[in-house]
Amino acid sequence: MAISAGVLPQALCLIGDEWVSTDSGGVHAHVNAHSGRVQQEVGLAGPAEVDAAVAAARASSDGWRRTPANIRRELLHKLSALLLDHADELADIATLENGTLRAFTPKIAASVPAESFAYYAGWCEKLIGETHPVYPANVLDYTRLEPYGVVAVVVPWNAPLWAVGIAGAPALAAGNCIVVKPPELTPFTSVRFGELALEAGLPPGVVNVIPGAAAAGDALVRHPGVDKIAFTGGAVTGRGVLRATVDNLTPVLLELGGKSANIVFPDTDVRSVVSNAAYYGAVAYSGQACSLPTRLLLHQDIYDDAIDTIITVLNNINVGDPASPHSQMGPIVNDVHTRRILAMIEDAIADGAEVLTGGARLGGELSDGCYIAPTALAVDPAAPIATQEVFGPVLSVLKFRDEDEATSIANDSAFGLAGYVWTDDLRRGHRVAAGLAADFVGINGYPGPGMPPSVPFGGRKGSGWGKEGGWAGIAEMLRVKNVYAVLD
C-alpha cells in the first residue's frame, strides 16, 4: 500500500497555543527514505523560538502544578485515548518520517506512548511524601514531592513518540510543563502529538513542540529557564548535552546508545533462538534501536551450525518499501546514515572481519532509497565493529567457550544498556544476568517493540544514567523537599 505525503502535518512550532512558522534555525528538506523524494521543506526553530517556548512553559508552570491531581489524571487519560483513536494516522506519519515498517508503527507511534500516558496518569494522585523519625528534638519531619517546573524533552529520530511517552508522560503527571524538541529528521509525529495535546484539553503552554536541529537543541539545554532535561539519543551528543548544562547545573536524564550482547548457550532451542537473534540483531527496525541485541555471542559447540542458520535467515529477508505489509525490513533513515554504516562495514572488513552475508547497499528497484542488505560479520571481540554502536542492520557474531568468557566479552564495552541470555538452565540464566554490566537483562526473551511503561529502563557507562519507566521514571521528574517542623 502507498502512503500519501499529504498525511504529514506542516511542521510548525507549538508555543503556548499558537502554531508558529519559522525558519530562523534553517530549513530541512525532508526526504522519504524509501523513494528518495523530498516530502516537505521543514522550517526549523532557532534560539528565538526556544526562548518563546520556555517562556510559555514557565508561564503555565504554576497553574499546571496547582491543577488538582484528578484533573491532571483525566487530561492525560484523554490524551492517551486520542493517541489510540488516531493510531492509523500516527502510524502512517511515522512510516513516512523515518522509514519504520508500517507493521510496527501503530505500536511505536501510538499504542506504546498511549500506554505510557495511561500508566502515568495513574500516578498523579499517588505522589506522596514520607515522615521521618527525628531525635532528640520534638520535630515533625516530612518530605514533599514537587515538580521541577519546566522539563526539556529532547527526542531521537528513530522513535520520537515513544520517547515523548516515556519521558513526557511522567513529567506531565508530576506537574511539570514540557518543551519537546524533535530532530529535523523526524518532526511530524511530535507536531501531531502537540495538536492532540491541545485537543485533549491540556492548558496552553503545558506542552510545547519546537522542531529543530542541533542549534535549537543546544539553545534549549543551555537555557536558564529549563529545570530538567530528558535526553534520548547518541552518546556523543549526550556528552555534549552534559557539557552544555555546566553553567546552570541543570539535572539531566540520559538514555543513550547500546551495543547489547546476546549470549546463546547450547542448552536451548538453538535453531529457533539463533533465527530470532539474527532477526533482532540485523533486521528489526533496520538495526536503528538502542537496545537491539547487535552482538551475538555463540557457544563454541553450536557456532558452526548457528552460522548456517544466520545466513539462511538473513538471505531470506524481504527488504523493501516500509509501507508494504510484505516487507520485513525497511530503509535506513537517510543517505548520510546509510553511507556512515557502509563505511563502518568497509573498515571492519579491512580489519579482518569475515562477511557472512550482506555488507552492501541494495540496488535495483531499491536504488533510490536508503537500503543496506541485512549483514552479519564474524569478528574478533576487540574489533571496533564489535564494540561501537552501528545503528544499522549489522550483526557482529562472536564465539565463546564458557560462562566466564561470555560475561567478559559482553562487559568489554563502553556501553551498558541491555543484555540477553538464552539457556534452559535458569540458575545459569540468573547467574549470567547478575554478572552482566547492563541495566536491562532479558532471560529467554526480548521485550518486543517498546518497553512496558511499568518497568524501569536505562543504562550505565556510555549508555547514560537515570531511569525511564515505572516509579523510577516519575521519580526522575520530582524534587524531594524536606520540611523540618519543630513542635516545641
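- The name an unreviewed UniProt entry gives the protein is Putative succinate-semialdehyde dehydrogenase [NADP(+)] 2, with Mycobacterium vicinigordonae as the organism.
- Checking UniProt for the protein, the heading Sequence similarities (unreviewed entry) contains the comment "Belongs to the aldehyde dehydrogenase family."
- Turning to the protein, the UniProt annotation filed under Catalytic activity (unreviewed entry) states: "succinate semialdehyde + NADP(+) + H2O = succinate + NADPH + 2 H(+)".

## Section: the nonpolar core
Phase 1 of the analysis: Ranked by internal contacts, the top residues of the largest apolar core, which has 94 residues, are Phe-117, Leu-172 and Val-207.
Phase 2 of the analysis: Top element by residues in this core is helix H5 (residues 160–173). It accounts for 10 residues.
Phase 3 of the analysis: Shared between two domains, this core holds at least three residues of each, these being domain 1 (5–256 + 463–485) and domain 2 (261–443).
Phase 4 of the analysis: Here Phe-117 is in contact with Leu-76, Leu-79, Ser-80, Leu-83, Val-164, Gly-165, Ala-169, Leu-172 and Phe-193, once residues within four sequence places are set aside.
Phase 5 of the analysis: Core analysis: the next-biggest nonpolar cluster, separate from the first, contains 36 residues, Ala-282, Ile-302, Ile-307 and Phe-440 among them.

## Description of the packing of aromatic side chains
For any pair of aromatic rings, the description consists of the separation of the ring centres together with the inter-plane angle of the planes.
Phase 1 of the analysis: Using the criterion set out here, one finds 12 aromatic pairs in the structure.
Phase 2 of the analysis: Each residue in the set Tyr-279, Tyr-280, Tyr-420, Trp-422, Phe-440, Tyr-446 and Phe-457 is aromatic and connected to the rest through ring pairs, giving one cluster.
Phase 3 of the analysis: Over the ring of Tyr-303 we find Lys-399; its NZ or CZ atom is 4.6 Å from the centre of that ring.
Phase 4 of the analysis: Stacked on the ring of Phe-265, the Lys or Arg Arg-428 has its end atom at 4.3 Å from the ring centre.

## Considerations on empty space enclosed by the protein
Phase 1 of the analysis: Counted according to the given criterion, the structure contains four cavities of 30 Å³ or more.
Phase 2 of the analysis: Volume-wise, the largest cavity comes out at about 90 Å³.
Phase 3 of the analysis: Along the wall of the largest cavity there are 15 residues; nearest its centre are Arg-295, Ala-410, Ala-418, Ala-437 and Ala-438.
Phase 4 of the analysis: At the level of secondary structure, the elements contributing two or more residues to the lining of the largest cavity comprise helix H13 (403–411), strand E17 (415–416) and strand E18 (418–422).
Phase 5 of the analysis: Grouping the amino acids of the lining of the largest cavity by side-chain chemistry returns eight nonpolar, five polar and two charged.

## Quick look at the domain arrangement of the protein
Quoted interface sizes are often the accessible area lost when the parts come together.
Phase 1 of the analysis: Domains assigned within the protein are domain 1 (5–256 + 463–485) and domain 2 (261–443).
Phase 2 of the analysis: Each side of the interface is counted separately: domain 1 has 20 residues, and domain 2 has 28 residues.
Phase 3 of the analysis: Summing both sides of the interface, domain 1 and domain 2 together bury roughly 1,900 Å²; the carbon and sulfur share of this comes to 62%.
Phase 4 of the analysis: There are one salt bridge connecting domain 1 and domain 2.
Phase 5 of the analysis: A salt bridge links Asp-439 to Lys-467, with the nearest nitrogen and oxygen atoms 3.0 Å apart.
Phase 6 of the analysis: Where domain 1 touches domain 2, the interface holds eight residue pairs in polar contact (both at pLDDT 80 or more).

## Focus on the environment of Glu-130
Phase 1 of the analysis: In this fold, Glu-130 is placed in the loop between helix H4 (105–121) and strand E5 (131–132).
Phase 2 of the analysis: Each residue touching Glu-130, except ones within four places of it in the same chain, is listed here: Asp-141, Tyr-142 and Thr-143.
Phase 3 of the analysis: Of note is the side chain of Glu-130, whose polar atom sits 3.3 Å from the side chain of His-132.

## As for the UniProt feature "domain: Aldehyde dehydrogenase" (unreviewed entry) in the protein
Phase 1 of the analysis: The residues that UniProt annotates with the feature "domain: Aldehyde dehydrogenase" (unreviewed entry) are residues 19–483.
Phase 2 of the analysis: Across residues 19–483, helical content stands at 39% and strand content at 20%; the span's end C-alpha atoms are separated by 42 Å.

## Looking at the sheet that holds strand E6 (residues 139–147)
Phase 1 of the analysis: Strand order in this open sheet of three strands is E5-E6-E22, and the pairing throughout is antiparallel. For this open sheet the edge positions go to E5 and strand E22 (478–486), each flanked by a neighbour on one side alone.
Phase 2 of the analysis: Pairing between E6 and E22: nine bridges, direction antiparallel. Across the sheet, residue Arg-144 finds its bridge partner in E22, namely Lys-481.

## Points about the packing of H5 against helix H6 (residues 188–200)
Phase 1 of the analysis: One can describe the packing of H5 onto H6 by two numbers: an axis separation of 8 Å at closest approach and a directional angle of 45°. By the angle between their axes, H5 is oblique relative to H6. Of H6, the residues touching H5 (which contributes Pro-160, Leu-161 and Val-164) are Thr-189, Ser-190 and Phe-193.
Phase 2 of the analysis: Among the residues making up the contact of H5 with H6, the classes are represented as four nonpolar, two polar and no charged.

## As for the pairing of strand E11 (residues 252–255)
Phase 1 of the analysis: Alternating positions in E11 separate into two faces, Val-252 and Leu-254 on one and Leu-253 and Glu-255 on the other, with burial throughout.
Phase 2 of the analysis: Note that strand E10 (residues 228–232) and E11 share four bridges and pair parallel. Within E11, the residue paired with Ile-229 across the bridge is Val-252.
Phase 3 of the analysis: The β-α-β motif built from E10, the intervening helix H8 (residues 235–244) and the parallel element E11 has right-handed crossover chirality.
Phase 4 of the analysis: One ladder, built from two bridges, connects E11 with strand E21 (residues 464–465); its direction is antiparallel.

Criteria and cut-off values
Residues numbered from 1 in each chain as written. Predicted model: local features only at pLDDT ≥ 70, side-chain atom pairs only at ≥ 80, totals over all residues. Heavy atoms only, no water. UniProt positions renumbered as here; feature names shortened; annotations may be inferred. Core = buried A, V, L, I, M, F, W, Y, C linked by side-chain atoms within 4.5 Å. Buried < 20%, exposed > 50% of the residue type's maximum accessible area, 1.4 Å probe, protein only. Helix = DSSP H or I, 4+ residues; strand = E, 2+ residues; numbered from the N terminus. Domains from an automatic or database assignment. Contact = heavy atoms within 4.5 Å. Phe/Tyr/Trp six-rings, centres within 6.5 Å; stacked < 30°, edge-to-face > 60°. Lys NZ or Arg CZ within 6 Å of the ring centre and 35° of its normal. 1 Å grid on protein atoms, 1.4 Å probe; cavity = no way out; pocket = protein on both sides within 12 Å on 5 of 7 lines; lining within 4 Å. Points joined across faces, edges and corners; volume = space filled by probe spheres on them. Nonpolar A, V, L, I, M, F, W, Y, C, P; charged D, E, K, R; others polar. Buried area = accessible area lost by both parts, 1.4 Å probe. Salt bridge = Lys/Arg side-chain N within 4 Å of Asp/Glu carboxyl O. Polar contact = N/O pair within 3.5 Å; in protein donor to acceptor, adjacent residues only side chain to side chain. Pairing = 2+ DSSP bridges. Axes fitted to C-alpha atoms, helices over the stretch in contact; angles between N-to-C directions. Parallel < 35°, antiparallel > 145°, perpendicular 65-115°, else oblique. Right-handed = clockwise from strand over helix to strand, strands pointing away.

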